[in-house]
Amino acid sequence: MKVFWSEVTVNPSEAGFAIALDGRPLRTPSKAALTVPTDALAQSLALEWREQTGAVRPETMPLTRVANTVIDRVIPHQAAVTAEIARYGETDLLCYRAPDPAGLVARQEAAWNPLLDWAGEALGAPLQVTTGLMHCLQPAESLEALRLAVEAHGPWQLAGLHDLVTLSGSLIIGLAVSHQQTSAADAWPLSRIDEDWNIEEWGEDAEAAELASRKHRAFLDKERLLNLLQS
């Protein structure tokens, strides 16, 4: 699609805030009205559309993409999305530790133990830690507490939490960012301890580095989404 509009506006409505191109309301791929819950988020979406020149580049419009996803996919299937995110608690990255070398073991303990302590105290969800890749069965009470923590997110917040969790591999990291226990900028390196250790030991692959960079940007975008939802 090429840019065909000259004006992008934000229009308050009963359902929230809609974005219009030359007065025509934007719609999602499923033809639903593209309406968001806060003016701050709407203004940021409008800016993405204003910054388009020539051909529209969806990769430069992360907030528009997530808004489409929420309206077309998350809201109609909120319970399923909640269950999908909560399942990460069963195999959370922070619970699976390297047996060696000692430097990596120490790095994981220093980075991950405080987050697990926070989950136990703030969320009522203490988790077991194991060495290696053998499955570690977590307490049912803790998994239920984590499910309730996920369920407390509305559909728009769920979209942000979903990517924070899937990109990091950790429900605890995602919840820590959504609860503002830590920032996305500080949390991202915590999810990359194993990868960064290997890079230090063996060097970096250019293709893997580019993929990690894209994931990093997406991770930061989701914290931005959560902040705009609170404005």
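Here, the structure is the one placed above.
Because the structure is predicted, anything quoted here is derived from the model rather than measured. (Residues numbered from 1 in each chain as written. Predicted model: local features only at pLDDT ≥ 70, side-chain atom pairs only at ≥ 80, totals over all residues. Heavy atoms only, no water.)

Trainee: Quick question: what am I supposed to make of the overall build of the protein here?
Mentor: If you tally the helices and strands in the protein, you get ten helices and six strands. Taken along the three principal axes of its C-alpha coordinates, the protein extends 60 × 40 × 25 Å. The buried share among the 231 residues of the protein stands at 44%. Of all intrachain contacts in the protein linking residues separated by at least 6 positions in sequence, the fraction that spans at least 24 positions is 61%. Here the protein has roughly 12000 Å² of accessible surface; of this, 53% comes from carbon and sulfur atoms. Of note, the protein has its 18 positive side-chain charges centred 10 Å away from the centre of its 31 negative side-chain charges. (Helix = DSSP H or I, 4+ residues; strand = E, 2+ residues; numbered from the N terminus. Buried < 20%, exposed > 50% of the residue type's maximum accessible area, 1.4 Å probe, protein only. Contact = heavy atoms within 4.5 Å. Areas by Shrake-Rupley, 256 points an atom, 1.4 Å probe, with all protein chains shown as cover. Lys, Arg positive; Asp, Glu negative; His and termini not counted. Charge placed at Lys NZ, Arg CZ, Asp CG, Glu CD.)

Trainee: Quick question: what am I supposed to make of the pairing of strand β1 (residues 8-13) here?
Mentor: Sheet faces and side chains relate simply in a regular strand, where the side chains alternate between the two faces. Pairing of β1 with strand β2 (residues 16-21) involves six bridges; the strand directions are antiparallel. Along β2, the bridge assignment pairs N11 with A18. Hairpin geometry of β1 and β2 is characterised by an intervening segment of two residues between the two adjacent antiparallel strands. (Pairing = 2+ DSSP bridges.)

Trainee: Looking at this model, I keep getting lost on the state of the cysteines. Mind explaining?
Mentor: Think of a disulfide as a covalent bridge from one cysteine sulfur atom to another cysteine sulfur atom. Applying the stated rule across the entire model yields zero disulfides. With no disulfide partner, C95 has as its closest neighbouring cysteine sulfur the one in C136, 6.5 Å distant. (Disulfide = S-S within 2.5 Å.)

Trainee: Looking at this structure, how should I read the nonpolar core?
Mentor: Soluble globular proteins: nonpolar side chains tend toward being buried together. Residues V36, L41, I172 and L175 are the most contacted members of the largest nonpolar core, which totals 67 residues. When residues of this core are assigned to their parent elements, the largest contribution, seven residues, is made by helix α4 (residues 102-122). Contact partners of L41, with chain neighbours within four places excluded, come to V36, L63, W156, L225, L228 and L229. (Core = buried A, V, L, I, M, F, W, Y, C linked by side-chain atoms within 4.5 Å.)

Trainee: For this particular structure, what's the right way to read the packing of aromatic side chains?
Mentor: Two descriptors summarise a pair of aromatic rings, namely the distance from one centre to the other and the angle between the planes of the rings. Tallied over the full model, the rule gives three aromatic pairs. Here F4 and W5 contribute two aromatic rings whose centre-to-centre distance is 5.0 Å and whose plane-to-plane angle is 90 degrees, an arrangement assigned as edge-to-face. For W5, a relative accessible area of 9% translates into the label buried. Each residue in the set F4, W5 and W49 is aromatic and connected to the rest through ring pairs, giving one cluster. (Phe/Tyr/Trp six-rings, centres within 6.5 Å; stacked < 30°, edge-to-face > 60°.)

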